[in-house]
Amino acid sequence: ENGDLSDTITFSEDSINILSWDDAHIGMKPGEQISLNDALYAVLLASANEVSYAVAENVGTKMGGGYETFIQEMNDRAAELGCTGSHWVNPNGLHDDQHYTTAHDMAVIASAVYQREEFRTIMKSLEYRIPPTNLTDVERVFQQNHKMLWEGNDYYYEYCTGGKTGYTDQSGTTLVTMADNGTLRLAAVVLVDYGVDAYTDTRAMMDYVFNNFSKVSLKEQKTSEYIESFEDKDAHVVLPAGITFSQVECELIPDKDGISEKKSGAKERQGTAVYTYQGQEVGRAEVILAKEFFKSQETGTTDSEKQDTAEK
């Protein structure tokens, strides 16, 4: 979001000095340069800690600051996405008591980055080669560490489209995995697991959702009469087996502050429909709100009351 794949990443002394003897790295040197594209492959496939640090330094500088600017943006961006239990103090996950997250937050972040084509391309790659640089005469070759992407091994999963492995002594094995069966796209997060058990546990979660949940198109449902139209024709919710759309609650949130029945233009009536089942969000969609919605707000009639009445 704050850099271009063609940007040059230059490695500082600091980016190399953060490494301990057993930290994952690809042997970069102070003063060495690679592209941001090469750097992201090293981060996502090889878990290269010094590369993560260098990306933070260089992108932070491009943002008008430096390393700390990037770290602050990590925290700000996480909050914007809806993370509620995370605090970042470095860009690579090396242990720090003040650096922590939750499975929920990692799933939120996974969902967000999965929207970017560049990320999807990198994370599904099995091997990558960084060509010779200004300080290294040979290419660097490294492979994908996520076992669910490799055909022929016991943990291969046909629907897996990528993800990220992780491990520290303090966190145990961590694994974020994306999967797509042609109908649903999922993000599964396993924290504080043990070695290859993370793959077994991830597969169990994925299979459970694929077998017990389905996507329900909103345009085919009798939803709130206060919704004039959906911005995305593919807007949907995901419901567990046996649950009908009539059991789903809808909250409408206008984009702009203030309510007035005089709102007329579609841009002035944009909002978000948030759908929940038993308090759990099952989907949300960008919508154009009907003029009646704003009139109902002034009279105190809630959307949930209106929807319940229509269903009865």
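Residues numbered from 1 in each chain as written. Predicted model: local features only at pLDDT ≥ 70, side-chain atom pairs only at ≥ 80, totals over all residues. Heavy atoms only, no water.

Trainee: Can you walk me through the nonpolar core in this structure?
Mentor: A general feature of soluble globular proteins is that nonpolar side chains tend to end up buried together. Phe-11, Ile-26, Val-51 and Phe-142 are the most contacted members of the largest nonpolar core, which totals 35 residues. Elements with a contribution of two residues or more to this core: helix H2 (36–46), helix H3 (49–62), helix H4 (67–81), helix H6 (117–123), strand E3 (127–130) and strand E6 (172–180). Looking at this core, the element that brings in the most residues is H2, giving eight residues. Judged by nonpolar contacts, the second largest core, of 21 residues, contains Val-216, Ala-235, Ile-243 and Leu-252. (Core = buried A, V, L, I, M, F, W, Y, C linked by side-chain atoms within 4.5 Å. Buried < 20%, exposed > 50% of the residue type's maximum accessible area, 1.4 Å probe, protein only. Helix = DSSP H or I, 4+ residues; strand = E, 2+ residues; numbered from the N terminus.)

Trainee: When you look at the layout of surface pockets in this model, what are you seeing that I'm missing?
Mentor: Where empty space is left in the structure can be found by rolling a water-sized probe over the atoms. For the second largest pocket, the calculated volume is near 2000 Å³. Contributing to the lining of the second largest pocket are 42 residues, with Ser-111, Arg-185, Val-238, Val-282 and Gly-283 lying nearest its centre. Of all elements in the fold, only helix H5 (103–113), E6, strand E7 (185–193), helix H7 (197–212), strand E8 (213–217), strand E10 (236–240) and strand E13 (280–289) reach the threshold of two or more residues within the lining of the second largest pocket. Grouping the amino acids of the lining of the second largest pocket by side-chain chemistry returns 24 nonpolar, nine polar and nine charged. (1 Å grid on protein atoms, 1.4 Å probe; cavity = no way out; pocket = protein on both sides within 12 Å on 5 of 7 lines; lining within 4 Å. Points joined across faces, edges and corners; volume = space filled by probe spheres on them. Nonpolar A, V, L, I, M, F, W, Y, C, P; charged D, E, K, R; others polar.)

Trainee: Just checking my understanding: could you explain H7 for this structure?
Mentor: Because each turn of an α-helix spans 3.6 residues, side chains separated by three or four positions end up pointing in the same direction. Between its first and last C-alpha atoms H7 spans 22 Å; for 16 residues at 1.5 Å apiece the expected length is 22 Å, and the two agree. Listed as buried for H7 are Ala-198, Tyr-199, Thr-202, Met-206 and Phe-210. Down the axis of H7, the buried set is contained in an arc of 95°. They therefore lie on one face. Within H7, the exposed residues directed more than 90 degrees away from the buried face are Tyr-208 and Asn-211. (Expected span 1.5 Å × (residues − 1). Arc of directions from axis to C-beta.)

Trainee: What am I meant to see in the pattern of salt bridges here?
Mentor: Pairing of side chains with opposite charge becomes possible as their charged atoms draw close. For the coordinates displayed, the defined rule picks out 13 salt bridges. Here Asp-4 makes a salt bridge to Lys-62, at a shortest N to O gap of 3.1 Å. Here Asp-4 is found in the segment before strand E1 (8–10), whereas its partner Lys-62 is found in helix H3, with 58 residues between them in sequence. When its relative accessible area of 44% is taken as the criterion, Asp-4 is described as partly exposed. Among the residues examined, Lys-62 registers a relative accessible area of 44% and is labelled partly exposed. Asp-207 is the salt-bridge partner of Arg-203, the closest N and O atoms lying 3.6 Å from each other. You can see Arg-203 and its partner Asp-207 sitting in helix H7, four residues apart, about one turn around the helix. On the accessibility criterion, Arg-203 (36% relative accessible area) is partly exposed. Through salt bridges that share partners, Glu-1, Arg-77 and Glu-80 make up one connected network. (Salt bridge = Lys/Arg side-chain N within 4 Å of Asp/Glu carboxyl O.)

Trainee: Looking at this structure, how should I read the packing of H3 against H4?
Mentor: If you want to describe how two helices pack, look at the angle between their axes and the distance between the axes. Packing of H3 against H4 leaves a shortest axis separation of 7 Å and a crossing angle of 100°. With respect to H4, the axis of H3 lies roughly perpendicular. Contacts between H3 and H4 involve Tyr-53, Ala-56, Glu-57, Val-59 and Gly-60 from the former and Tyr-67, Thr-69 and Phe-70 from the latter. Residue composition of the contact of H3 with H4, by class: five nonpolar, two polar and one charged. (Axes fitted to C-alpha atoms, helices over the stretch in contact; angles between N-to-C directions. Parallel < 35°, antiparallel > 145°, perpendicular 65-115°, else oblique. Contact = heavy atoms within 4.5 Å.)

Trainee: Quick question: what am I supposed to make of the pairing of E6 here?
Mentor: For a regular strand, side-chain orientation follows a simple rule: the groups alternate between the two sheet faces. The buried fraction of E6 is high, at eight of nine residues. Sheet topology note: the strand E5 (residues 160–168)/E6 ladder contains eight bridges and is antiparallel. Across the sheet, Gly-162 pairs through a bridge with Met-178, a residue of E6. Connecting the antiparallel pair E5 and E6 is a turn made up of three residues. Strand direction decides the pairing type here: E6 and E7, joined by seven bridges, are antiparallel. Looking at the pairing, Leu-175 lines up with Val-190 of E7. Here E6 folds back onto E7 in antiparallel fashion, the turn holding four residues, of which Gly-182 has a positive phi close to 95°. (Pairing = 2+ DSSP bridges.)

Trainee: What should I look at first to understand the sheet that holds E6 in this one?
Mentor: Strand-to-strand pairing in sheets goes through backbone hydrogen bonds, with the strands running parallel or antiparallel. Pairing within the open sheet is antiparallel, and its three strands lie in the order E5-E6-E7. The outermost strands of the open sheet, each flanked by one partner alone, are E5 and E7. Recorded for the sheet is a direction-independent mean angle of 10° between the axes of neighbouring strands. Contacting E5, E6 and E7, H7 crosses the sheet at an angle of about 145° to E7.

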